[in-house]
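This is what each chain is made of:
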Amino acid sequence: MNRPALPRLSRKARMALVVVAGVVLVAALLLATFPVGMLRGTAEARLSEKFGAPVHIGALERRDVFSFSPEIEARSVRVGQPAWAGRGDMATIGRLRIRLPILKLLTGTIAPRSIDIDGLSLALVRDADGRSNWGGRRPGGSDGSDGSPPLAISAVRISDGRFTLKDAKRRLDIAGTIEAKDAKGLAIAAEGQFNGAAAKLGATASWTEDADGRWPFSAELTSDLLRLRASGTMAAPLDTGHMTMRMAARGTSLKQLDYIIEAGLFGTQAIDLVGTVRRDGSDWFIDKLDGRIGRSTIAATAKIQKRDGRTRIDASIDAPRLDFDDLADDAGLAAARAQEARIGPRIFPDTRINLAKMGPTDGVIRITIHQLLVKGGSVFKSLKGQLSLDHRILTLDKAVAQLGRGTMTGRVRVDSRGKIPLLTTELRVEGASFDDFIGQPDMIRGPVRGLVRISGRGDTVRQAFASGNGKIAFVASGGAMNRAAAYVMAQDLGGAIGQKLGDDEAMTPIRCAILAFAAKDGLLTPAPLVIDTAIARARGRGQINLDGERIALAMNGAGSEKPDLKLVDPVKVEGTLSQPTIDFAPPGKKSGGGVFGAVTRSIGAALGLRKDPQRDAPLPKPGTVNCRALAAEALR
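Criteria and thresholds
- Residues numbered from 1 in each chain as written.
- Predicted model: local features only at pLDDT ≥ 70, side-chain atom pairs only at ≥ 80, totals over all residues.
- Heavy atoms only, no water.
- Helix = DSSP H or I, 4+ residues; strand = E, 2+ residues; numbered from the N terminus.
- Buried < 20%, exposed > 50% of the residue type's maximum accessible area, 1.4 Å probe, protein only.
- Contact = heavy atoms within 4.5 Å.
- Phe/Tyr/Trp six-rings, centres within 6.5 Å; stacked < 30°, edge-to-face > 60°.
- Lys NZ or Arg CZ within 6 Å of the ring centre and 35° of its normal.
- Pairing = 2+ DSSP bridges.
- Lys, Arg positive; Asp, Glu negative; His and termini not counted.
- Salt bridge = Lys/Arg side-chain N within 4 Å of Asp/Glu carboxyl O.
- Polar contact = N/O pair within 3.5 Å; in protein donor to acceptor, adjacent residues only side chain to side chain.
- Core = buried A, V, L, I, M, F, W, Y, C linked by side-chain atoms within 4.5 Å.
- Expected span 1.5 Å × (residues − 1).

Account for the overall build of the protein, naming residues and giving values.
When you go through the protein residue by residue, the secondary structure sums to eleven helices and 30 strands. Within the protein, buried positions represent 41% of all 636 residues. Partitioning the contacts of the protein with sequence separation of at least 6, the portion at a separation of at least 24 is 50%.

This is the structure in structure tokens:
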């Protein structure tokens, strides 16, 4: 079978191909023998632009006569400090030999295959805002997280290398040596201070691949405030942007660790943590974290990714035991104690909720706390929920707090997009008991349901409730109340005295207790406040000011029968939510002299010596309260 003949090229076409091939050959020869000394001025200009400081190269030449990856030697290299970092040089190099692919160099890409340095001196500076002299004009500097591929460096040698590091943000001020040998790899040893305490820093990195084709490294910072150890592997030599490591941290506070890792952590009690961490460019993965903070124990996993200029967090925290006091350092706890001594104990925490200064961060954190540890005890026993953060809106969804009996469930939302954060709550209590909240079962006991629906503005939880609007209600249907206390509530002094002299532990059934309050600008007013028992009924009036948590309530009641000796004064509940007091005082007076004064006035009224302002008032009978309707309205 005959094959078709290939078309013959014309003489002109053949000549053109010869010319093209010659040009390519000449170009290749020129590249292979390119005199890099001609690029000294260009290199100085580009490096000066990169570092934002003058760069001087005393001499620049190639050591190979013919190579597409020549070894280039630079002598007497100086990189000045940027103006903000002070005087002197950031770096000086006596002699630098570097092997570079010539094609990449001509396109402006510096991708060294090997580095050999004699006489290195570095003066590294970073200010409290994170601006570094080694990062050049790029905000935050270059840390291998820009998505560029890792450098394929096959060999590094550094002799007579010294450095100083003054990092105000990490609170590090150290000086030491840096050496690199092909066989032993990179070694850094330094001493100085970390956050004012004596510190040592050591680090090593291998130039030899392990069995998995990765490059091992280790680092350790030791001081009285923090001991941080890390060991792992990198995808390539010095490729801190792609690494896997095991970290162990022991210190006086999470804040000390945060100075080094810069994760936005806060002051806590002492820490002892161990974790496995991976980094892939701008993404961080905490595959496992276990340890202690104070007496709390935690386990966590997390994924932190950067996309489109925002940080996205996806994390799970499982705490077998947690004491919220462990999430404050000694200074924070001392400040809280000083504030409590000044203003007294408070129910609503002074926890800061203003997220206005938070950077572009979004995410989801799932939280499970199996046992809440609270000094002095607490009605709250465990907690779980899901925290979501989206453009400075923080939401706690699917919240379930286990009480001593019963649960509190619902949702909390903090919107920090405005000047002052807006806190909104929709929390419901089911299956709880008076025992959990009052802790005096010999006085009152029974099942309780509740609702906390508040919306208010403030930088802290306490401030938001102090300006809040909405309602707070607790309802009991059933249970029992101390019989003598019920007589007092009914203003039946004779019945109360008789009961105390007889069986003072006797209880009377509760038909319902409606403790409902409407909130407006931080003032709670009864809506309504009613307690109805088998022998007495009482209604309350007055207010509770959430700005200071001050109580100013008065209870008036009546019994099923007309009392032989009537208590002429209403029962006054005053003090604060955390420290309430009970007194008996005539209307318009702040104090009535306690129980003795109330008895004296009541006896005087019975003898006609004092006027009873409520003598002719109608006496509402127990059982006339529509408990079901009031309870439904209170919890609506």
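Before we move on, can you summarise the packing of aromatic side chains with the specific residues and values?
Enumeration over the complete set of coordinates arrives at two aromatic pairs. Taken together, a centroid distance of 6.5 Å and an interplanar angle of 70° make the contact between Phe194 and Tyr259 edge-to-face. Of this pair, Phe194 sits in strand β7 (residues 185-194) while Tyr259 sits in helix α4 (residues 254-261), placing them 65 residues apart in sequence. You'll find Phe194 and Tyr259 in the same group, each marked buried. Their ring planes at 20° and their centres at 4.3 Å tell us that Phe348 and Phe465 sit as a pair that is stacked. Taken as a pair, Phe348 in the loop between α5 (330-343) and β16 (361-369) and Phe465 in helix α7 (residues 461-466) lie far apart in primary sequence, 117 residues in all. The cationic tip of Lys50 hangs over the ring face of Phe51; the distance from NZ or CZ to the ring centre is 5.9 Å. The ring of Phe285 has Arg278 lying over it, and the distance from NZ or CZ to the ring centre is 4.5 Å.

I'd like a rundown of the pairing of strand β12 (residues 271-280), residues and numbers included.
Of the two faces of β12, only one is covered, namely that formed by Ile271, Leu273, Gly275, Val277 and Arg279; the face formed by Asp272, Val274, Thr276, Arg278 and Asp280 stays uncovered. Of the strand pairs in this sheet, strand β11 (residues 242-251) and β12 are connected by ten bridges, and their pairing is antiparallel. In the sheet register, Met247 faces β12, and the bridge partner there is Gly275. In the sheet, β12 pairs with strand β13 (residues 283-293) via ten bridges, with the strands oriented antiparallel. Residue pairing in the sheet places Asp272 in a bridge with Arg292 of β13. In sequence, β12 turns back onto β13 through a hairpin of two residues, with Gly281 there showing a positive phi of about 70°.

Outline the environment of Glu574, listing residues and values.
With respect to the helices and strands, the residue Glu574 is situated in strand β29 (residues 571-575). Looking at Glu574, the relative accessible area reads 23%, which means it is partly exposed. When the C-alpha atoms of Glu574 and Ala554 are compared, they prove to be 8.5 Å apart, with 20 residues separating the residues in sequence.

Describe the side chain of Asp239, with residues and values.
When you line up the elements, Asp239 lands in the loop between β10 (226-234) and β11. Despite its burial, Asp239 pairs with no opposite charge, the nearest such side chain being Arg214 at 7.1 Å. Of note is the side chain of Asp239, whose polar atom sits 3.0 Å from the side chain of His242.

Describe the nonpolar core, and please don't skip the residues or the numbers.
The nonpolar side chains of a soluble globular protein tend to be buried with one another. If you look at the biggest cluster of nonpolar residues, it comprises 52 residues, and the most contacted ones within it are Ile158, Phe194 and Leu226. Not counting residues up to four positions away in its chain, the partners in contact with Phe194 are Arg170, Arg171, Leu172, Ala199, Leu221, Ser223, Leu225, Leu226, Gln256, Tyr259 and Ile260. Membership of the second largest hydrophobic core comes to 44 residues, among which are Val379, Leu403, Ile444 and Tyr487.

Outline unusual backbone geometry, supporting the account with residue identities and numerical values.
For the bond running from Ala527 to Pro528, omega is -10°, close enough to zero to count as cis. As for its position among the elements, Pro528 is in strand β26 (residues 523-533). Positive phi values are uncommon outside glycine, yet Asp308 reaches one of about 55°. Inspection of the secondary structure assignment puts Asp308 in the loop between β14 (296-307) and β15 (310-321). Judged by relative accessible area, Asp308 falls into the exposed class, the value being 80%. Phi at His391 takes a positive value of approximately 50°, unusual for a residue other than glycine. In this structure His391 comes out as partly exposed when scored by relative accessible area, which is 43%.

Tell me about α5, residues and numbers included.
For α5, with 14 residues, the first-to-last C-alpha span of 20 Å sits near the 20 Å given by 1.5 Å per residue. Just beyond α5, the residue with positive phi is Gly344, at close to 90°.

I'd like a rundown of the pattern of salt bridges, residues and numbers included.
In this structure the tally under the stated criterion is 33 salt bridges. The shortest N-O distance in the salt bridge between Arg428 and Glu426 comes to 3.7 Å. Residue Arg428 is classed as partly exposed on the basis of its relative accessible area, which comes to 28%. Through salt bridges that share partners, Glu61, Glu73, Arg75 and Arg97 make up one connected network.

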